[in-house]
Amino acid sequence: GADEGTTARWMATHRGMYERATRHPFTVSIRDGTVDLVAFRRWLGQDYMFVREFVAFVASVLLKCCKQSDSTDMEIILGGLASLSDELSWFKKEAAKWGVDLVGTSPLSSNTEYCRFLQSFDDPEISYTVAITTFWIIETVYQDSFAFCIEEGHRTPSELLGTCQRWGSADFKQYCQSLQQIVDRCLANRTPDAVKSAEEAFLRVLELEVGFWDMSSSQS
Ligand code: HMH
């Protein structure tokens, strides 16, 4: 319909891939209450390192935005960047609670691969449209994954509810929807090639997210 943006069409077209990222056995096991706490600890340590790289990535999105877009976009991205400060504190507190040594943790290969992808956005040749699309879908995978863990019928262990609420809250959903509106607006006036590049970035994120969950839940 007329109110359906490009992002909604991608999510329908690539439904299977989107669901592999947002209904992954790892996050579904959190919701079921069967989660392996060794895996949860591994995810926590790895995600802390990811978020540190993510800060630099969001800064690169902000920079691209400042160079070519309007001030409402800037305020939303800046708000997202600011909230990562609180998120890093949260990771440290949570790591202490779970006995995860953040200093002694080194990135596993899927994390390194994802971080390299994030670093590639430093290139000024990568467009704001591709960057904001990437930002939106990275946040949305966590929003959708963790919201499912606190939806009706969940059996999420109480000590994991705080984690799930961080990304599964109504506020975080609203923030993701603001990003999605920016993306759809950016895509609306771009060439088919530019839209295709953004769609490829969208799919790459879904792949990298599946890899990140696989890495977290792997038994090795
Ligand atoms: C791997 N994807 C990964 N970590 C995160 N913290 C987010 C997305 C959301 O910020």
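Residues numbered from 1 in each chain as written. Predicted model: local features only at pLDDT ≥ 70, side-chain atom pairs only at ≥ 80, totals over all residues. Heavy atoms only, no water.

Re the overall build of the protein chain
Spelled out, the test is: Helix numbering and strand numbering both begin at the N terminus, where a helix is a DSSP run of H or I of at least 4 residues and a strand a DSSP run of E of at least 2. Just to be clear, the radius of gyration here is over C-alpha atoms, and the globule rule we use is 2.2 Å times residues to the power 0.38. Contacts: residue pairs with any heavy atoms within 4.5 Å of one another. All accessible-area figures derive from a Shrake-Rupley calculation using a 1.4 Å probe, and residue coverage is judged against the displayed protein chains alone. Charged residues are defined narrowly, with Lys and Arg counted positive, Asp and Glu counted negative, and His plus the chain ends left uncounted. Taken as the charge centre is NZ of Lys, CZ of Arg, CG of Asp or CD of Glu, depending on the residue.
For the protein chain, the count of helices and strands is 10 helices and 0 strands. Starting at the N terminus and walking to the C terminus, you meet the elements of the protein chain as α-α-α-α-α-α-α-α-α-α. Computed over C-alpha atoms, the radius of gyration of the protein chain comes to 17 Å, within 12% of the 17 Å expected from 2.2 N^0.38 for 220 residues, which places it in the range of a compact globule. With the principal axes as the frame, the protein chain shows a C-alpha extent of 45 × 35 × 30 Å. Of the contacts made within the protein chain by residues no fewer than 6 positions apart, 86% connect residues no fewer than 24 positions apart. Carbon and sulfur atoms form 52% of the exposed surface of the protein chain, whose accessible area is close to 10,400 Å². Side-chain charges in the protein chain split into 21 positive and 31 negative, and the spacing between the mean points of these groups amounts to 3 Å.

Structural notes on the packing of helix α5 (residues 71-98) against helix α9 (residues 170-188)
Inclusion rule: Helix axes use the C-alpha atoms of the stretch in contact, all axes being lines fitted to C-alpha atoms, and the angles between their N-to-C directions lie in the range 0 to 180 degrees. The labels follow the angle: roughly parallel below 35 degrees, roughly antiparallel above 145, roughly perpendicular from 65 to 115, and oblique for the rest. In this scheme, a crossing is called left-handed if the near helix is turned counterclockwise away from the far one by less than a right angle; it is called right-handed if the turn is clockwise.
With their axes 11 Å apart at the nearest point, α5 and α9 run at an angle of 140° to one another. By the angle between their directions, the pair α5 and α9 is classed as oblique. Judged by the sense of rotation from one axis to the other, the crossing of α5 with α9 is left-handed. Contact residues: Asp73, Ile76 and Gly80 in α5; Tyr175, Ser178, Leu179, Ile182 and Arg185 in α9.

Description of helix α6 (residues 109-119)
Under the convention used in this document: A simple rule labels every residue: compare its accessible area, found with a 1.4 Å probe on the protein chains alone, to the largest value its type can have, and call it buried under 20%, exposed over 50%, or partly exposed in between. Note that the arc is defined by the directions from the helix axis to the C-beta atoms.
Buried residues of α6: Ser110, Asn111, Tyr114, Cys115, Phe117 and Leu118, and no others. Seen along its axis, α6 keeps its buried residues to an arc of 155°; they face one direction. Of the exposed residues in α6, the ones pointing more than 90 degrees away from its buried face are Ser109 and Arg116. As for α6, its buried residues are in contact with α4 (37-68), α7 (128-148) and α10 (192-217).

Here we look at the environment of Ile30
Among the secondary structure elements, Ile30 is positioned in helix α3 (residues 25-32). Each C-alpha atom of the pair Ile30 and Arg155 lies 7.8 Å from the other, and the pair is 125 residues apart in sequence. In this structure Ile30 touches Val35, Phe146, Cys149, Arg155, Thr156, Pro157, Leu160 and Cys164, once residues within four positions along its chain are discounted.

Some points on the nonpolar core
As a reminder of what qualifies: Take the buried residues of types Ala, Val, Leu, Ile, Met, Phe, Trp, Tyr and Cys, join any two whose side-chain atoms come within 4.5 Å, and each joined set is a nonpolar core.
Counting 70 residues, the largest nonpolar core has Trp43, Ile132 and Phe135 as the members making the most contacts within it. The element that contributes the greatest number of residues to this core is α4, accounting for 13 residues.

Observations concerning the confidence of the model for the protein chain
In plain terms, the rule: Note on scores: pLDDT gives the predictor's confidence for each residue, bounded by 0 and 100.
Averaged over all residues, the pLDDT of the protein chain is 95; the fraction at 70 or higher stands at 97%. Scored as a complex, the prediction yields pTM 0.97 and ipTM 0.98.

A short note on the layout of surface pockets
A probe as big as a water molecule, rolled over the atoms, marks out the empty space that is left. Spelled out, the test is: Here a cavity is any set of points on a 1 Å grid over the protein atoms alone where a 1.4 Å probe fits but cannot get out, and a pocket is any open set with protein on both sides within 12 Å along at least 5 of 7 lines; a residue lines the site when it has an atom within 4 Å of a point. Grid points are joined across faces, edges and corners, and a volume is the space filled by probe spheres set on the points. Residues were grouped as follows: Ala, Val, Leu, Ile, Met, Phe, Trp, Tyr, Cys and Pro as nonpolar; Asp, Glu, Lys and Arg as charged; and all remaining residues, including Gly, as polar.
The calculated volume of the largest pocket comes to roughly 160 Å³. It is α4 that contributes the most residues to the lining of the largest pocket, 5 residues altogether. Partitioned by chemical class, the residues of the lining of the largest pocket number 5 nonpolar, 3 polar and 3 charged.

Here's the deal with the site of the ligand
Using the following cut-off: Near residues are defined by distance, with any heavy atom within 4 Å of the molecule or strand qualifying the residue. N or O atoms closer than or at 3.5 Å make up a polar contact, with two conditions inside protein: a donor-capable atom paired with an acceptor-capable one, and, for residues adjacent in sequence, both atoms drawn from side chains. Pocket or cavity membership: a molecule qualifies when more than half of its atoms sit within 2 Å of the grid points of that site.
Surrounding the ligand, one finds Asp47, Phe50, Val51, Phe54, Ile138, Glu139, Tyr142, Trp167, Glu209 and Phe212. Within the side chain of Asp47, an N or O atom sits 2.7 Å from a nitrogen atom of the ligand. Glu139 is positioned with one of its side-chain polar atoms (N or O) 2.8 Å from an oxygen atom of the ligand. When the ligand is considered free in solution it has 290 Å² of accessible area, and contact with the protein chains removes 100% of it. With respect to the pocket detection grid, the ligand is positioned in the largest cavity. When contributions to the shell around the ligand are tallied by element, the ones reaching two or more residues are α4, α7 and α10. Counting residues per element, the shell around the ligand draws most heavily on α4, which supplies 4 residues. The residue makeup of the shell around the ligand, split by class, is 7 nonpolar, no polar and 3 charged.

Some thoughts on the environment of Phe40
Following the sequence through the fold, Phe40 ends up in helix α4. Residue Phe40 is classed as buried on the basis of its relative accessible area of 0%. Each residue touching Phe40, except ones within four places of it in the same chain, is listed here: Phe26, Val35, Trp98, Leu160 and Thr163.

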